[in-house]
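# Commentary on secondary and tertiary structure
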Amino acid sequence: MRTFKLGGVHPADKKISKDAKIEKLPIPEVVYISMGQHLGAPAEPCVAVGDKVKVGTLIANAAGFVSAPVHSSVSGTVKQITAIKDLAGKPSKTVVIEVEGDEWEESIDRSSDIVREIKLGQKEIVERIKCCGVVGLGGATFPTNIKLSPPPTAKPTCVIINGAECEPYLTSDYRVMMEYGEQVLIGGEILMKALGVDKCYVGIEENKPEAISHLKELASKNHPRIEIVKLKKKYPQGGEKQLIDAVIKKRVPSGGLPVDTGAVVQNVGTAFAVYEAVQKNKPLFEGVLTVTGDCSNAQRNFFHRVGTPLSFIAKYCGGIPAEAAKIVSGGPMMGKAVVNMEAPTLKGSSSILYLTKKQTLRHQESNCIRCSKCVSACPMGLEPYLLNKLGRVGMMDELEAHYVYDCIECGCCQFTCPAYIPLLDTIRQSKAAVMKIMRARPKK
Amino acid sequence: MSNIIIFTIATLAILGLLLAIVLYIIAQKFKVEEDPRIDEVEAIMPGANCGGCGLAGCRAFAECAVKEGLSSIYCPVGGNDTMQKVAQTLGLTVEQKAPQVAVVRCSGTCDKRKKTSVYDGLATCSTIASLYGGDTDCSFGCLGRGDCEAVCQFDAIKVNPQTGIAEVDEEKCTACGACVKACPKLIIELRNKGPKGRRVYVACSNKDKGAVARKACLAACIGCSKCAKECAFEAITAENNLAYIDFNKCKMCRKCVIACPTGAIHETNMPPRPAPKPAAQPVAKPVAEEKVNMLNN
Amino acid sequence: MSQLIVSPSPHVHSKENTTRLMRDVIIALIPAVLVSIYFFGLNALHLVAVSVIACVAVEYLIQKFLLKGKSTIGDLSAIVTGVLLALNLPVSSPWWLILIGAVVAIGIAKMTFGGLGQNFFNPALVARVVLLVSFPVLMTSSAFQAPESGYLFGNAPEVISSLDATSGATPLAFVKEQLAKGETLSSLMQNPNLSYGQLLFARLGGSAGEVSAIALILGFIYLLIRRVIKPHISLSILITVALFTGILWGINPEKYTDPLFNLLGGGLLLGAFFMATDYVTSPMTTKGQIIFGVGIGVITVVIRYFGAYPEGVSFAILIMNATVPLLNKLKPNRFAKEAQKA
């Protein structure tokens, strides 16, 4: 069984919500569609207050190379364009739409038939994906069309669809694979066509045997070029660099692009969104979201319209449990802590995870006992204990000499540290500072 | 017996002589020619090596002063006295600068600004600032984790555990500007110290709309511009829902302090006010006095 | 609902913590302690108890009165040092000897540098070596030449008559002494007390922890299963010792003892499993750990074959401890090199 070679940890699996079918979440009365849905420059609104919009209407254009357009997820009237606090309490430009009915743009194919034949050509596919505002749904929300237009020096050889879902608790990718497996595989075919390659892998961790056998069956029927790869259960298998290492045994060079290895990685959710965009002409305004947690009142998976307030979803699922001390959007290893439940969902929102105080409250930090567990756990081959020490005294040259910029912020070091040292907290800060210095440096 | 003593002394003497010669030759060979005035200037410098002048330390300052003159550099720690002495040594003239002091533009103490979440990560302001707005609803104010305290070499700025806000000890503050750079919320400003340490400033950095700011913090500047209207010297500008007092124009009439509905404008080291005129607002006055007492303590 | 907790990721932590690791080490040492108690009775218990209590007390007092910090005995590391110190002393040690050991181990070797995680040398080994150099007679005598007094409880051990052949000296010391007298190894190895079976299960000379190789191996396996330690250091020590002694033994089997005897005799297993693998004083990277282990193996054999002391594990580990800051300069294998800029 394949896996990545360096480091990694084994957090408890906790896929409690894995058997809950994906339901349609009701549409709230008001949605708040943030312009910062993706990595890069926030989109620029192209609607005005008072405009009527339908489901799928373009409401904001991409503002720059690394950016993506945003579409309305509901039909109704634009009430306001203003700064609304996001889940971290930071203001972000948002289009507020009052919902009236559920009228879709006519161009969207709403039938449930599976369209297998790919009519569009290579360039048209990329253009369609760009226009539909598809972004990576694995967490980083990087605009997909950029990944599909690699620099001329790079030679893509294969597509890897990321079904590892190595974060504990999260089940949205698993449900998509189980219920929309065929669409995901067609998405894989589309991605292959867009890149002009003829090999596609779907990497799935061994803890999802049903998904592996289901997709293997589908692939053997209709998709001979797609190979389902069973991966060992180890975090962070779903990290782009780790997944490429695991599946095709190639390492992304430091500071290089993943496509330097020939592989283009897309998440399962993204592949599904690509299918919908290309075959159904449906822009990305809906995503799959898991509501889970040991103390959660419900274990469910939903299709949510982008811009639905988190509190609306929480209420629909029986409210925020009394024991919940921390609410995380995303997985427990890399997700973001929510401070503002009124904040809306984004394209990349994958979960509302309730953690209890006992699970999440950090312990008092004690002396480093130099056990080297962080060094063994680091999937990038760094020395977290040393980076932490250097970071606390701000030795930027030394931090750079120890490759702090390689850190992928997976949290393995801090997860495993027996002295409860907040290693990643300091390393993340040092990394940002060092990267700033490196960028400011004149290029040779 | 005496032989041993003589030989010992002779051996030591010869060794000493040889080593001295070697040292002398090396010292001559690797001698670095340097302007002697650099040493002289360095001796005048405060020797804090704080970097407040923007250079790497006092030695670097001295080198720069000797090479390029004093027009572009200033030592905030030594102040005008030191600059005058340096100028004399180098035969230059130097402009007098008003002494400055660091000012924390936040008055959201724990009782005025309620905590709305529990922060559980690494206790530095920069970590919090990069993660989220902060553990109160005000995303502009002091985070109280002491990044400024950590960089201050003069023990002049400290987070008061009672109020959760950084406070400057103006006796110790040298206006080196280290805290200004360290604060991720950019709420620390270098302001003129003022005659007898008298200053009037807006102790708030919140750029939210009035209602939002007020909801987050009782002491927030709500951008109502009352102070700007009150000011006879056009020293106050209110932009982005936040008032700012230009210390070069302020004549310290203190009318704005009384006018401010939330008490966000602070005054320091001011003499007690004359008996209230009947026109003055009776409610606002005690608040201002209370503040004077608090700051004097 | 109360206020939400907010922190940067990760939001969960593994079950591991310092106390749990230390508890696992203590559990791993239990077989060795039990074997020791089985053979030596109250004397061994006396040794372990005095050592542990002394170590904990010294740490507590120093933390409270000298460093004026929060008590750190809760992390159990003082107990680990106490047990390891006990296993490194002869069962016949009088209480004051153990106490001096505890003060040296905790007071000098550990707390002087700032407590757990800060020391350069393994505390228990520093204590053992200081005692070995200061009280050579007491430290090299066996359980059966105990002083009449010097016990807080229990009686001085009685001589077990069947073991007079080695007169209680450790096998390594006995062999070295006899070789120096001009005896040949082939005749020496006829001695039943030097048989491999004896060495493996219960050898009644030497320090308390050297009694049974099997007990030590059990503890080592437990540590590996619980993922407390990785096997690199221990295995590289053992392999190095086996190879090095094997070569010399192959050259002259009459002069040099065989590899198996070297592996089982003396404190090699205790050192390789429990002392060299001490987190604080061993290197951080796998590369460093292997070099560290090889170094210990080579120095041990050199001291055993050519040095003045019959046993060299303690010295070897301490010497290699001193090289750890240097070995930590070795970086772990990086994920990938810098991208080639076109």
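Residues numbered from 1 in each chain as written. Chains lettered and ligands numbered in written order. Predicted model: local features only at pLDDT ≥ 70, side-chain atom pairs only at ≥ 80, totals over all residues. Heavy atoms only, no water.

Moving on, we come to helix H7 (residues 171-180) of chain C. For H7 of chain C, every residue scored as buried is listed here: Pro171, Leu172, Ala173, Phe174, Val175 and Gln178 of chain C. Count one or two residues on from H7 of chain C and you reach Gly182 of chain C, which has phi positive near 100°. (Buried < 20%, exposed > 50% of the residue type's maximum accessible area, 1.4 Å probe, protein only. Helix = DSSP H or I, 4+ residues; strand = E, 2+ residues; numbered from the N terminus.)

Glancing now at the packing of helix H1 (residues 18-40) of chain C against helix H3 (residues 77-87) of chain C. Residues and elements named next belong to chain C. Interhelical geometry of H1 versus H3 gives an angle of 25° and a closest axis separation of 9 Å. Here H3 runs roughly parallel to H1, going by the angle between their axes. Seen from above, H1 lies across H3 with left-handed handedness. Counted together, Met22, Val25, Ile26, Leu29, Ala32 and Val33 of H1 and Ser77, Ile79, Val80, Val83, Leu84 and Leu87 of H3 form the full contact between these two elements. For the contact of H1 with H3, the per-class residue count stands at 11 nonpolar, 1 polar and no charged. (Axes fitted to C-alpha atoms, helices over the stretch in contact; angles between N-to-C directions. Parallel < 35°, antiparallel > 145°, perpendicular 65-115°, else oblique. Left-handed = near helix turned anticlockwise from the far one by under 90°. Contact = heavy atoms within 4.5 Å. Nonpolar A, V, L, I, M, F, W, Y, C, P; charged D, E, K, R; others polar.)

Residue and element names in this part refer to chain A. Counting across every chain of the model gives 14 aromatic pairs over all chains. A ring pair is formed by Phe272 and Phe303, whose centres lie 6.5 Å apart and whose planes are at 35°; its orientation type is tilted. Of the two residues, Phe272 is situated in helix H7 (residues 268-280) and Phe303 in strand S14 (residues 300-305); the sequence distance between them amounts to 31 residues. Grouping aromatic residues by their ring pairs yields a cluster made of Tyr180, Phe272 and Phe303. Of note, Lys199 hangs over the ring of Tyr201, and the distance from its end group to the ring centre comes to 5.4 Å. The side chain of Lys282 reaches across the aromatic face of Phe285, ending 5.4 Å from its centre. (Phe/Tyr/Trp six-rings, centres within 6.5 Å; stacked < 30°, edge-to-face > 60°. Lys NZ or Arg CZ within 6 Å of the ring centre and 35° of its normal.)

What follows deals with the interface of chain C and chain A. Counting from both sides, the interface comprises 41 residues of chain C and, opposite them, 62 residues of chain A. Approximately 4500 Å² of surface area, both sides summed, lies buried where chain C meets chain A, with 57% of it carried by carbon and sulfur atoms. Along the contact surface separating chain C from chain A lie 2 salt bridges. Across the pair Lys373 of chain A and Glu16 of chain C runs a salt bridge whose closest N-O atoms are separated by 2.9 Å. At the junction of chain C and chain A, the tally comes to 27 residue pairs in polar contact (both at pLDDT 80 or more). Only strand S1 (4-6) and H1 of chain C provide two or more residues apiece to the side of chain C that touches chain A. Examining the composition of the side of chain C that touches chain A, we find that 3 residues originate from one element, S1 of chain C, more than from any other. When grouped by side-chain class, the residues that make up the side of chain C that touches chain A number 18 nonpolar, 16 polar and 7 charged. (Buried area = accessible area lost by both parts, 1.4 Å probe. Salt bridge = Lys/Arg side-chain N within 4 Å of Asp/Glu carboxyl O. Polar contact = N/O pair within 3.5 Å; in protein donor to acceptor, adjacent residues only side chain to side chain.)

Here we come to the domain arrangement of chain C. Residues and elements named next belong to chain C. Its domain assignment divides chain C into domain 1 (18-145) and domain 2 (168-207 + 229-327). Using C-alpha coordinates to define each centre, domain 1 is positioned 22 Å away from domain 2. Counting residues at the interface gives 27 residues for domain 1, matched by 22 residues for domain 2. When the two sides are added together, the surface that domain 1 and domain 2 hide from each other amounts to roughly 2200 Å², 73% of it contributed by carbon and sulfur. (Domains from an automatic or database assignment.)

Residues and elements named next belong to chain C. With 91 residues, the main nonpolar core has Leu87, Ile237, Phe273, Phe274, Phe292 and Ile296 as its most contacted residues. Taken together, domain 1 (18-145) and domain 2 (168-207 + 229-327) each give at least three residues to this core, which thus spans both. Among residues more than four places away in sequence, those in contact with Ile237 are Leu268, Ala272, Ala276, Gly293, Ile296 and Gly297. (Core = buried A, V, L, I, M, F, W, Y, C linked by side-chain atoms within 4.5 Å.)

Cis peptide bonds are those with omega within 30 degrees of zero, and the linkage from Tyr235 of chain A to Pro236 of chain A qualifies with -5°. Residue placement: Pro236 of chain A occurs in the loop between strand S11 (226-231) and helix H6 (240-248). Following Ser9 of chain C, the chain continues to Pro10 of chain C via a peptide bond in cis, the omega torsion being 0°. A positive phi angle is found at Glu165 of chain A, which is not glycine, with a value near 40°. Inspection of the secondary structure assignment puts Glu165 of chain A in the loop between strand S9 (158-163) and helix H3 (172-179). In this structure Glu165 of chain A comes out as buried when scored by relative accessible area, which is 8%. The phi torsion at Arg370 of chain A lies on the positive side, around 55°, for a residue other than glycine. Its location among the elements puts Arg370 of chain A in the loop between helix H9 (357-360) and helix H10 (373-377).

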